[in-house]
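Geometric and topological summary
Spelled out, the chains give:
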Amino acid sequence: MPLQHSRSRLLQQKAEAVFPGGVNSPVRAFRSVGGDPPFLTHAEGAWLYDEDGNRYLDLFGSWGPMILGHAFPTAVEAIRDAAGRSASFGASTASESQLAALVQRCFPSVEKLRFVSSGTEACMSAIRLARGFTGRDFIIKFEGCYHGHSDAMLVKAGSGVATLGIPGSAGVPAETVMHTLALPFNDLDAVRGAFAARPGQIACVILEPIIGNAGTIPPAPGYLEGLRRITEQHGALLIIDEVMTGFRVTLGGAQRLYNVRPDLTTLGKIIGGGLPCGAFGGRADVMNCLAPLGPVYQAGTLSGNPLAMAAGIATLEHLIANEQTVYPQLDRTTQAIAQGVATIAKEKGVTLTTNQVGSMFTWFFTDKPVTDFASASASDTVRFGQFHRAMLDAGVWLPPSQFEAAFVSTAHSQQDVDFVLEAARKALS
Ligand code: HOZ
């Protein structure tokens, strides 16, 4: 029997009167999967609760930050404690340096950093910095990678842009993106070609090292190392966007997993323990180009916000102290879910390609390997929508788009794995 969403439906109608599409971020409207977006009241551990009294096993983790599950006790306590001392100062606090030290412990390539309020800001600032440092205008990004919604990045982007089939956003002047080169992912020849065509003009290459915003797509063996070599040869910076993968696929992100040292790294999601926070950082000589030391401007009233710092510190301290148990556990749970459902699909004659790296994964409805945005887009997204609705009805909340990664947390238990497999048996019937 389908779940009842009458209160959520009413709230959605009210929301549509004030928010475009009834939402404050487009993919939340469930347009590409259909059905009513449930309105949530609270969450605990791996479970989400909605206005109609339904509960759902959470496989999207607020799009990535909730690696320890919802309402993780020490994070809640840290946020409460910080809030009692003021929600914002707009001035320096010791907590900023404390979180910075934890970030540096996980990411040795981050010699200096800046906190910002979102992944969008982190990527936008890193690109400006790369341009300022090199004195060059062109940037290379990859099709299906999403680096936030700043103008220069809205070219062949993943996430909501891919979900809604928007080729590039209206409102972005052609002049703003004329220096953005969007190339196919996992194709080093395309990158070599772009550098050959524009010698001395390309400031940086930015990428999601494991794409999450076109569904999960890992890098081919040698791809990241190849990008490192090419950027070095041409005096361009390599920016690894670890907004999704940072503290997720290993404590030190994808750069540790694949042993590649970028010039700059962007971070978000887990770094703020669920509160709005991002960061960008890397080589000290590059970071020293930022104002007030250098000519590249970047600022923010809520940068280094004390609540976000407190939640980030509590989260990273837990991950660092428990690294040896947390990451193997996340891998095992995710493997059991991702491969378990793949096996059920096979038994039922449903063709699935399952991409998984650590605790991020995606089921694509295709029999072909998914290695780039073209192959992700060729999968059956209508079938994904049907699957999404059936899983939601069976009590499992997947990301509401084929072009978003699913995330598992440390709060997911063996019973939760069994619950997902049972739901999939129904959904794939
Ligand atoms: N860009 C986010 C994940 N890729 C989606 C954010 C949201 O809709 O809340």
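The preceding data block contains the structure.
Let us look at the structure shown here. Along each chain, numbering runs from 1 in the same order as the chain's sequence is written. Local features in this predicted model are restricted to residues of pLDDT 70 or higher, and side-chain atom pairs are both shown and tallied only at a pLDDT of 80 or more, whereas totals for entire chains, interfaces and linings draw on every residue. The basis for the side-chain values is all heavy atoms of the structure; hydrogens and waters are excluded.

Overview of the layout of surface pockets
Of the pockets and cavities examined, the second largest pocket occupies roughly 590 Å³. Of the two site types, the cavity is a set of points on a 1 Å grid over the protein atoms alone where a 1.4 Å probe fits but cannot get out, and the pocket is an open set with protein on both sides within 12 Å along at least five of seven lines, each lined by residues with an atom within 4 Å of a point. Lining the second largest pocket are 30 residues, and of these Ser 92, Glu 96, Leu 113, Arg 114 and Phe 115 sit closest to its centre. Secondary structure is summarised from DSSP: a helix means a run of H or I of at least four residues, a strand means a run of E of at least two, and numbering begins at the N terminus for each. Only helix H3 (94-106) and strand S4 (112-116) provide two or more residues apiece to the lining of the second largest pocket. Within the lining of the second largest pocket, the residues separate by chemical class into 13 nonpolar, 13 polar and four charged. Grid points are joined across faces, edges and corners, and a volume is the space filled by probe spheres set on the points. Each residue is assigned to one of three groups, with Ala, Val, Leu, Ile, Met, Phe, Trp, Tyr, Cys and Pro labelled nonpolar, Asp, Glu, Lys and Arg labelled charged, and all others, Gly among them, labelled polar.

Some points on the environment of His 5
By the element assignment, His 5 lies in the segment before helix H1 (6-18). Counting along the chain gives 332 residues from His 5 to Ile 337, while the straight-line C-alpha distance between them is 26 Å. Two residues form a contact once any of their heavy atoms are found within 4.5 Å. Excluding its chain neighbours within four sequence positions, the residues that come into contact with His 5 are Asp 36, Pro 38, Asp 50, Asp 52, Asn 54 and Tyr 56.

What about the sheet that holds strand S3 (residues 55-58)?
Strand order in the open sheet formed by four strands is S1-S2-S3-S13, and the pairing between neighbours is mixed. At either end of the open sheet lies a strand with only one pairing partner, and these are strand S1 (40-44) and strand S13 (396-397). For two strands to be treated as a pair, DSSP must find no fewer than two bridges joining them. As defined by bridge partners, strand S2 (residues 47-50) adjoins S3 across three bridges and the pair is classed as antiparallel. Residue Trp 47 lies in a different strand from S3, and its bridge partner there is Leu 57.

Observations regarding unusual backbone geometry
Among all residues except glycine, the phi angle is most often negative; among peptide bonds, the trans geometry is most common. Put simply, Ala 291 and Pro 292 share a cis peptide bond, and its omega is 10°. Looking at the secondary structure, you find Pro 292 in the loop between helix H10 (284-287) and helix H11 (306-321). Unlike most non-glycine residues, Ser 62 shows phi in positive territory, near 55°. Its location among the elements puts Ser 62 in the loop between S3 and helix H2 (73-83). Think of it in three bands: residues with accessible area under 20% of the maximum for their type are buried, residues over 50% are exposed, and the middle band is partly exposed, with areas taken using a 1.4 Å probe on protein chains only. Judged by its relative accessible area of 33%, Ser 62 is partly exposed. Even without glycine at this site, Lys 156 takes up a positive phi of about 45°.

A few points about the site of the ligand
We define proximity as follows: a residue is near a molecule or strand when any one of its heavy atoms falls within 4 Å of that partner. Around the ligand sit Ser 25, Arg 28, Trp 63, Tyr 146, Ser 159, Asn 213, Met 244, Lys 269 and Glu 404, and that is every residue in its neighbourhood. Note on areas: Shrake-Rupley with a 1.4 Å probe; residue coverage comes only from the protein chains shown. Relative to its unbound accessible surface of 290 Å², the ligand loses 87% to contact with the protein. Tallied by class, residues from the shell around the ligand come to three nonpolar, three polar and three charged.

What to know about the pattern of salt bridges
The rule for a salt bridge is simple: a side-chain nitrogen of Lys or Arg has to be within 4 Å of a carboxyl oxygen of Asp or Glu. Considering all chains together, one arrives at 13 salt bridges under this definition. Close ionic contact of Arg 228 with Asp 263 constitutes a salt bridge, the shortest N to O distance being 2.8 Å. Of this pair, Arg 228 sits in helix H8 (residues 223-233) while Asp 263 sits in the loop between helix H9 (253-257) and strand S9 (264-267), and the two are 35 residues apart along the sequence. The exposure classification of Arg 228 matches that of Asp 263, with both residues buried. We note a salt bridge from Arg 283 to Asp 285, for which the minimum N-O separation is 2.8 Å. Among the residues examined, Arg 283 registers a relative accessible area of 25% and is labelled partly exposed. Salt bridges sharing partners connect three or more residues here, namely Arg 228, Glu 232, Asp 263, Arg 283 and Asp 285.

Description of empty space enclosed by the protein
Within the structure shown, the criterion is met by three cavities of 30 Å³ or more. The space that makes up the largest cavity amounts to roughly 60 Å³. Forming the boundary of the largest cavity are Phe 361, Thr 362, Trp 363, Phe 384, Leu 398, Pro 399, Ser 401, Gln 402, Glu 404, Ala 405 and Ala 406. In terms of residue class, the lining of the largest cavity is made up of seven nonpolar, three polar and one charged. Looking at the second largest cavity, its volume works out to about 50 Å³. In the lining of the second largest cavity, the residues fall into four nonpolar, six polar and two charged.

Details of the side chain of Thr 245
Inspection of the secondary structure assignment puts Thr 245 in the loop between strand S8 (237-241) and H9. Classification of Thr 245 by relative accessible area gives buried; the value is 1%. With residues up to four places along the chain from it excluded, the contact list for Thr 245 reads Pro 209, Ile 210, Thr 250, Gly 253, Ala 254 and Met 360.

Regarding the packing of aromatic side chains
Ring pairs shown here join Phe, Tyr and Trp side chains whose ring centres sit within 6.5 Å, with only the six-membered ring taken for Trp; geometry is labelled stacked below 30 degrees between planes, edge-to-face above 60, and tilted in between. Following the criterion strictly, the structure yields 13 aromatic pairs and no others. Ring centres 6.3 Å apart and planes at 75° place the aromatic pair Phe 142 and Phe 185 in the edge-to-face group. Linking Phe 142 in strand S5 (residues 138-142) with Phe 185 in the loop between strand S6 (180-183) and helix H7 (188-197), this pair joins segments that are 43 residues apart in sequence. Across the pair, exposure class does not vary: Phe 142 and Phe 185 are buried alike. Among the aromatic residues, those joined into a cluster by ring pairs are Phe 30, Tyr 56, Phe 60, Trp 63 and Trp 397. Each ring is checked for a lysine NZ or an arginine CZ that lies within 6 Å of its centre and within 35 degrees of its normal; such an atom marks a charge sitting over the ring. The ring of Trp 47 carries the charged tip of Arg 55 above its face, separated from the ring centre by 3.6 Å. Over the ring of Phe 138 we find Arg 198; its NZ or CZ atom is 4.7 Å from the centre of that ring.

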